Amino acid sequence: MSGSAPSALPSPRGPHPAAVSRGGAAPSRSLARVARGDLCAGCGGCAALAPGAIEMTVAPPGYLRPRQTGPVSAEQDAAIARICPGLTQIVEAAGRIDDPLWGPYLEMRSGHAADAALRHAGASGGALSMLALHLLESGRVEAVLATAADPDLPIGNAAVELRDRDGILAAAGSRYAPSAPLADLRARLAAAPDDRFAVICKPCDAAALRALIAEEPGLAPRIPVILSFFCAGVPSHAGGRAVLEALGTALERTAAFRFRGMGWPGRATARDLSGTERSMSYHDSWGGILSRHVQHRCKICPDGTGTAADLVCADAWESDERGYPVFEEGEGTSLIVARSETGRAILEAAVAAGRVETRPFDPAALAAIQPGQRERRRALLARLAGLALAGRPVPRYRGLRLTAAARQNTPARHLRNFLGMLRRARRIGRAPRN
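Presented here is an overview of the structure given in this document. (Residues numbered from 1 in each chain as written. Predicted model: local features only at pLDDT ≥ 70, side-chain atom pairs only at ≥ 80, totals over all residues. Heavy atoms only, no water.)

## Some remarks on the sheet that holds strand S12 (residues 268-272)
No. 1: Strand order across the open sheet formed by three strands is S11-S12-S13, with antiparallel pairing between neighbours. A single partner strand is all that each edge strand has here, and the edge strands are strand S11 (254-258) and strand S13 (277-280). Adjacent strand axes in the sheet meet at a mean angle of 15 degrees, parallel and antiparallel pairs treated alike.
No. 2: Taken strand by strand, helix H9 (residues 237-246) contacts S11, S12 and S13, and its axis lies near 105 degrees from that of S11. (Pairing = 2+ DSSP bridges. Helix = DSSP H or I, 4+ residues; strand = E, 2+ residues; numbered from the N terminus. Axes fitted to C-alpha atoms, helices over the stretch in contact; angles between N-to-C directions. Contact = heavy atoms within 4.5 Å.)

Structural data, given as structure tokens:
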């Protein structure tokens, strides 16, 4: 399906797909700008805006990128520029609590799924999976569009429609690989014209989807709920390959691969064709390998916390005496953030129905247990300055309180992030390293 990863990975060299058009069509100016700055998040929003003219394909070293296959009208190109999270993101607090690090919200709680199997299978308490099931069983939606393992590529992802508990249970757990859940959105809506969809997606996908709905308000009744999660970045397929190599196996010998889940935080686990399983800790798989393969756009992401979603879930880590998160295996606990009145009403209904068990959460504790999100937000203004000085396109971010977040950083850290982005910007456009 469109937006899913193919079974064969590409050569590590070749033109960036976003810079390529076929059939004599004039190249999209928006896609060309994205390509020049390596700003693509891989959400598939451009393909949703121009179906039949833009498709998502795998680009070296294993990211999903748009390829223009037909003419894109001036109106479509302008709309792409308005919804693409690599080019723009606008957030309005609209009377909500507006934290410089975590964005606008109405309420934060911690908790977990009341369903023990969903809590175990999910990467962090199963609250997101449980909320999705509540939406289905309460009749709020008929389907949930989410991301699951690609059956043809164990380290890859595919967009899937979930319509019952079995489907949600099978898809539970984090997937640290590229996904483009919006790419075939129109085809899915057209195939089920009477169905309402909840969408579970990355924060950048949620931003693009919310902007797409603003462009086309008729989509709002079809997609009444957007769910998201805290995202530390999207690693390439090369990252998945590196985990397999560290486990002493290879992709061609792998029957199934799980990045996380089946516990908290859950181990990265590969099962080979003979049924033998190999695994490593989350600390080693994400911290030691996958985080090194995160795409450039994620380094300048203004919103890893899902500000455009109605409800957002994350890890509510235990912390040590220094306040740093502890990654020892245990029963999962989710942070649950209601960002809209729709989200708060859904959460309250799920709690009342006994689907999710929650307790109060102090937002002041969040900076300690989510250090990656904290530091990226504090560093962003300096990174954007480095990108601008290097002459690269800079995304247009509005309403994200980047100056207030930057004030929380030291001059030394600003300088380090500024110089680091200068070096990184000079590498944009070079042949990627595998």
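## Details of the nonpolar core
No. 1: Among the nonpolar cores identified, the biggest contains 76 residues, and Phe 257 and Leu 335 are the most heavily contacted of them.
No. 2: Looking at this core, the element that brings in the most residues is helix H8 (residues 203-215), giving six residues.
No. 3: Those residues within four positions of Phe 257 in sequence are excluded, and the remaining contacts are Pro 154, Ile 155, Arg 175, Val 243, Leu 244, Leu 247, Ala 268, Thr 269 and Ala 270. (Core = buried A, V, L, I, M, F, W, Y, C linked by side-chain atoms within 4.5 Å. Buried < 20%, exposed > 50% of the residue type's maximum accessible area, 1.4 Å probe, protein only.)

## Brief notes about unusual backbone geometry
No. 1: A cis amide bond, omega -5 degrees, links Pro 60 with the succeeding residue Pro 61.
No. 2: By secondary structure assignment, the location of Pro 61 is in the loop between strand S1 (54-59) and strand S2 (63-68).
No. 3: Of the consecutive residues Trp 264 and Pro 265, the connecting peptide bond is found in the cis state with omega at 5 degrees.
No. 4: With a phi close to 50 degrees, Ala 94 is a non-glycine residue in the positive phi region.

## As for the state of the cysteines
No. 1: In total, this model carries zero disulfides according to the counting rule given.
No. 2: Here Cys 43 stays unpaired: no disulfide links it, and the sulfur of Cys 204, its closest cysteine neighbor, is 6.2 Å away.
No. 3: Of the cysteine sulfurs around Cys 313, a residue in no disulfide, the closest is that of Cys 201, at 13 Å. (Disulfide = S-S within 2.5 Å.)

## Brief notes about the environment of Gly 261
No. 1: As for its position among the elements, Gly 261 is in the loop between S11 and S12.
No. 2: The exposure class assigned to Gly 261 is buried, which follows from its relative accessible area of 1%.
No. 3: Residues Gly 261 and Pro 104, 157 residues apart in the sequence, show an inter-C-alpha distance of 29 Å.
No. 4: Apart from residues lying up to four places away in sequence, Gly 261 is in contact with His 120, Ala 121, Gly 122, Ala 123, Gly 266 and Arg 267.

## So, the pairing of S1
No. 1: Where S1 lies against S2, six bridges are found, and the strand directions are antiparallel. Paired with Ile 54 across the bridge in S2 is Gln 68.
No. 2: Here S1 hands over to S2 after three residues, with Gly 62 in that stretch at a positive phi of 125 degrees.

## As for the packing of aromatic side chains
No. 1: Taken as a whole, this structure holds seven aromatic pairs when the rule is applied.
No. 2: Relative to Phe 230, the ring of Trp 102 has its centre 6.2 Å away and its plane inclined at 10 degrees; by these criteria the two rings are stacked. With Trp 102 in the loop between strand S4 (97-99) and strand S5 (103-105) and Phe 230 in the loop between strand S10 (225-229) and H9, the pair connects residues that are 128 residues apart, well separated along the chain. This pair shows no difference in class: Trp 102 is buried, exactly as Phe 230 is.
No. 3: Measuring from ring centre to ring centre gives 4.7 Å for Phe 257 and Phe 259, while their planes differ by 90 degrees; the resulting arrangement is edge-to-face. Accessibility assignment for this pair places Phe 257 and Phe 259 in one class, buried.
No. 4: Three or more aromatic residues link up through ring pairs in this structure, and these residues are Tyr 176, Phe 257, Phe 259, Trp 264, Tyr 282, Trp 286 and Trp 317.
No. 5: Looking at Arg 260, its charged tip hangs above the ring of Tyr 282, at a distance of 4.6 Å from the centre. (Phe/Tyr/Trp six-rings, centres within 6.5 Å; stacked < 30°, edge-to-face > 60°. Lys NZ or Arg CZ within 6 Å of the ring centre and 35° of its normal.)

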